[in-house]
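What the coordinates show
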Amino acid sequence: MHLLLLFPLLFRLSGSSDSSDVTGPKAVSGPEQGLLTVQCRYDPGWEPYVKYWCRGAAWNECKILVRTTGSEWEVKEDRVFIRDNQTTHTITVTMEKLRREDADTYWCGIERTGADPGAPVKVAVGPGSPAVITGPGEARGPEQGSMTVQCRYDPGWETHVKYWCRGADFRICRILVRTTGSEQEVKKDHLSIRDNQTSRMFTVTMEKLRREDADTYWCGIERTGADPGAPVKVAVGPATTTVSTTIPTPTTFTAPVATEVPTSSRNMSSLHPEGRSLLSSVHFLLLVFLKLPVFLSMLGAVLWVNRSQRGPAGGGPPRSENQ
């Protein structure tokens, strides 16, 4: 019983792997400063398990570089991507910006209790070749929105057919839309492609994006032999929400400007009607109670003085001439 429990551990430590559960290419190569894609397949039943890519000739000592989360979401660590397609039972690993020192033995593995199944892959890195076509490398768009990718190419490729294909492995990617070798725009489903041969750039637009559109795509150019291409990692995020904000129109209030009139220039006509009425009433009261008595007193005094002067000279009854 104890020997049966120790057997998986001894199997893992021995450097062997259950390669029948996972299979992959024996050897792959990529250009320096370029990228390399590896696809490993696994048997049904392993879909929800964590998949990983590790480095090292000894299976029991290899260093895990990147692992999935047990889902189909792509995971990136440094220059390495991994994605698990649980429908096709395929693990896709992409190594970018390859360096000479990346050449080594790697493994596609599946985590489980006991000995992990895995498949070795020898990776070689050769001299780099001048890029005929270049792209953004990564692009992102909102769900139900649109996304535009522009890829540039070297002179001499103007009249060649350009295309946009989907799939981690450029050799077997599925072409979704292609030009006719002219500058005329071509539309297919929710995709469009147009080649500007003057600026040597073709533009791909993806509309009505869905979450499942997230994948590795390629800008490619058709030719006899191996087609030049540039990979583009497409991610689809949550739909953007537009918030409508109404800005109230400011109300302009013009305050009346009062012009100060000097006191010396003020007159009765510039005063409020009520002020003028009040002053008229005061003037009337002064006239009745002050000015009129003074006037009457002065008049009476004049009359009294006048009468007094007339008394001594012409007073008494008039004399008769017969006396």
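Not measured: the values here are computed from a predicted model. Within every chain, residues take consecutive numbers counted from 1 along the sequence as written. The model is predicted, so local features are restricted to residues of pLDDT at least 70 and side-chain atom pairs to those at 80 or more, both for listing and for counting; the totals for chains, interfaces and linings are taken over all residues. Side-chain measures were taken over the full set of non-hydrogen atoms in the model, leaving aside hydrogen atoms and water.

**Remarks on the sheet that holds strand E13 (residues 147-153)**
The pairing of strands in a sheet comes from backbone hydrogen bonds and takes either a parallel or an antiparallel form. Pairing between strands is defined by DSSP: at least two bridges between the two strands are required. Only DSSP runs of H or I covering at least 4 residues are called helices, and only runs of E covering at least 2 are called strands; the numbering of each starts at the N terminus. The sheet built from five strands is open, its strands ordered E11-E13-E18-E17-E16 with antiparallel pairing. Taken across any chain shown, the strands that pair with only one partner, and hence form the sheet edges, are strand E11 (133-134) and strand E16 (186-188). Note: E11 against E13, two bridges, orientation antiparallel. Bridge pairing in E13 links Thr134 to Arg152.

**Considering the sheet that holds strand E20 (residues 229-237)**
Read from one edge to the other, the open sheet built from five strands follows the order E12-E20-E19-E14-E15, with strand pairing classed as mixed. A single partner strand is all that each edge strand has here, and the edge strands are strand E12 (138-142) and strand E15 (174-178). Strand-to-strand twist in this sheet, taken as the mean axis angle between neighbours without regard to direction, amounts to 30 degrees. Relative to E20, strand E19 (residues 215-221) runs antiparallel, the two being bridged by six bridges. Of the residues in E20, the one forming a bridge with Asp215 is Val234. Convention adopted: a line fitted to C-alpha atoms gives each axis, helices being fitted over their contacting stretch, and angles between N-to-C directions are expressed from 0 to 180 degrees.

**A few points about the packing of aromatic side chains**
Classification of ring pairs rests on two measures: the distance between centres of Phe, Tyr or Trp rings, Trp counted by its six-membered ring, which must be within 6.5 Å, and the angle between planes, read as stacked under 30 degrees, edge-to-face over 60 and tilted in between. With the rule as written, the count across this model stands at seven aromatic pairs. Aromatic side chains Trp53 and Tyr106 sit 5.2 Å apart centroid to centroid with 10 degrees between the ring planes, which places their arrangement in the stacked category. Of the two residues, Trp53 is situated in strand E4 (residues 51-55) and Tyr106 in strand E9 (residues 104-110); the sequence distance between them amounts to 53 residues. Each member of the pair Trp53 and Tyr106 is classed as buried. Geometrically, the ring pair formed by Trp59 and Trp107 is tilted, given 4.7 Å between the ring centres and 40 degrees between the ring planes. Taken together, the positions of Trp59 in the loop between E4 and strand E5 (63-67) and Trp107 in strand E9 put the pair 48 residues apart, joining distant regions of the chain. Only protein chains enter the calculation, and the probe is 1.4 Å; a residue is then buried if its accessible area is under 20% of its type maximum, exposed if over 50%, and partly exposed in between.

**Digging into the pairing of strand E2 (residues 27-31)**
Side-chain positions along a regular strand alternate between the two faces of the sheet. Judged by which residues are buried, E2 turns out to be one-sided: Val28 and Gly30 face inward and are buried, whereas Ala27, Ser29 and Pro31, on the alternate face, are not. For E2 and strand E10 (residues 118-126), the ladder comprises five bridges, and the chain directions are parallel. Note that in E10 the partner of Gly30 across the bridge is Val125.

**Let's talk about the confidence of the model for the protein chain**
pLDDT expresses how confident the predictor is about each individual residue, on a scale running from 0 to 100. Per-residue confidence for the protein chain averages 80 on the pLDDT scale, and 73% of its residues sit at or above 70. Any pair of residues with heavy atoms lying within 4.5 Å of one another is described as a contacting pair. In the predicted structure, residues 1-16 sits below a pLDDT of 50 and forms 16 contacts with residues beyond four places in sequence or in another chain. Residue range residues 313-323 is modelled with pLDDT below 50. Its contacts to residues more than four positions away, or to other chains, number one contact.

**Quick notes on the state of the cysteines**
In what follows, a disulfide is any cysteine sulfur pair within 2.5 Å. Counted according to the given criterion, the structure contains four disulfides. Two residues, Cys40 and Cys108, share a disulfide whose sulfurs are 2.0 Å apart. As the torsion about the S-S bond is roughly 60 degrees, the Cys40-Cys108 disulfide counts as right-handed. Of this pair, Cys40 sits in strand E3 (residues 36-42) while Cys108 sits in strand E9, and the two are 68 residues apart along the sequence. Here the two residues Cys40 and Cys108 agree in accessibility, since each one is buried.

**Quick notes on the environment of Asp189**
Its place among the elements puts Asp189 in the loop between E16 and strand E17 (191-196). On the basis of relative accessible area, Asp189 is assigned to the exposed category, the value being 75%. Sequence separation of Asp189 and Leu176 is 13 residues, and the distance between their C-alpha atoms is 9.1 Å.

**Some words on the pairing of strand E18 (residues 201-206)**
E18 sits mainly inside the fold: five of its six residues count as buried. Pairing of E13 with E18, which is carried by six bridges, proceeds in the antiparallel orientation. If you follow Met147 over to E18, its bridge partner there is Met206. Looking at chain direction, E17 and E18 are connected through six bridges and run antiparallel. Bridging across to E18, Ile193 finds its partner in Val204. Once E17 ends, the chain turns through four residues before running back antiparallel as E18, passing Arg200 with a positive phi of about 55 degrees.

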